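Chain by chain, the residues run as shown.
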Amino acid sequence: MVAHERSFTVNDGVEVPSPGADEVWTVGAVILNREGHAFAQKRSRDRRLFPGTWDIVGGHVEEGETLLEALAREVEEETGWRLTHVRRFLGATAWTGDDGGGLRHEADYLVEVDGDLDHPRLEWSKHSAYDWFGPGSLARLKENCRPGEYLIHDLIASAVAGSSGPAG
């Protein structure tokens, strides 16, 4: 894959991990609306990895992509929105799914996007629903999760608590 010129900006000091040669990486985007609520989409029940759970926008980094290029691609593929600004690095985690895919590393970011936030273009074969989550609805993000599998809940809770909206 050929690297593309960035069409988004990145705040100074935003950390971008350097993947090791044999590491599998994924990226995730926490997207806030004007009310400071975070977007999540529910994974279809027939998905091999984390079926029926809420997820942020994101996915695997493809060969030849940087983490931020993958982030921009995933935002567009999964929602139809365009990544415009990377505000903050939310952290990196390592996890092993229940799909036999082995250890993955994940870098998550708080981002801004351009597009119709009321009408995302979901990949309906992969996601069955979407919603915006604020302080009063965060518990729903734990639906169909086993104890200790609250990464999405914790990421969104942190982003919602630390923001007053997309420009906050």
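Per chain, residue numbering runs from 1 following the sequence as it is written. A pLDDT threshold of at least 70 governs which residues receive local features in this predicted model, and a stricter bar of 80 or more applies before side-chain atom pairs are shown or counted, although totals over entire chains, interfaces and linings include all residues. Side-chain measures here rest on the full set of heavy atoms in the structure, leaving out hydrogens and waters.

Another point: the overall build of the protein. For the purposes of this entry, the term helix denotes a DSSP run of H or I that reaches at least four residues, the term strand denotes a run of E that reaches at least two, and both are numbered from the N terminus. The number of helices and strands found in the protein is two helices and eight strands. Only the C-alpha atoms count toward the radius of gyration. The rule for a globule is 2.2 Å times the residue count to the power 0.38. Its C-alpha radius of gyration of 15 Å places the protein within 12% of the 15 Å reference for a compact globule of 168 residues. Taking the principal axes of the C-alpha coordinates as reference, the protein spans close to 40 × 40 × 25 Å. Of all 168 residues assigned to the protein, the portion counted as buried reaches 46%. Residues are treated as being in contact if the distance between any of their heavy atoms lies within 4.5 Å. Relative to all contacts within the protein whose residues are 6 or more apart in sequence, the contacts with residues 24 or more apart total 71%. Total accessible area on the protein is roughly 8700 Å²; 48% of this is exposed by carbon and sulfur atoms. If you average the places of the 17 positive and of the 29 negative side-chain charges in the protein, the two averages end up 5 Å apart. Burial classes: relative accessible area under 20% of the type maximum marks a residue as buried, over 50% as exposed, and values in between as partly exposed (1.4 Å probe, protein chains only). All accessibility values rest on the Shrake-Rupley procedure with a 1.4 Å probe; residue burial counts only the protein chains present in the view. Charged-residue counts in this description rest on Lys and Arg as positive and Asp and Glu as negative, His and the chain ends being excluded. The atoms used to mark charge sites are NZ of Lys, CZ of Arg, CG of Asp and CD of Glu.

Any two strands with at least two DSSP bridges between them are considered paired. Here five strands make up an open sheet; going across it, the order is E1-E6-E7-E2-E5 and the pairing mixed. Strands with a single pairing partner mark the edges of an open sheet, and in this sheet they are strand E1 (9-10) and strand E5 (57-60). The pairing of strand E2 (residues 25-31) with strand E7 (residues 103-114) spans seven bridges and is parallel. Across the sheet, the residue bridging to valine 30 is leucine 110, located in E7. Axis lines are fitted to C-alpha atoms, over the contacting stretch for helices. Their N-to-C directions set the angle, which ranges from 0 to 180 degrees. Running over the sheet, helix H1 (residues 67-79) touches E1, E2, E5, strand E6 (82-96) and E7 and is turned about 120° from E5.

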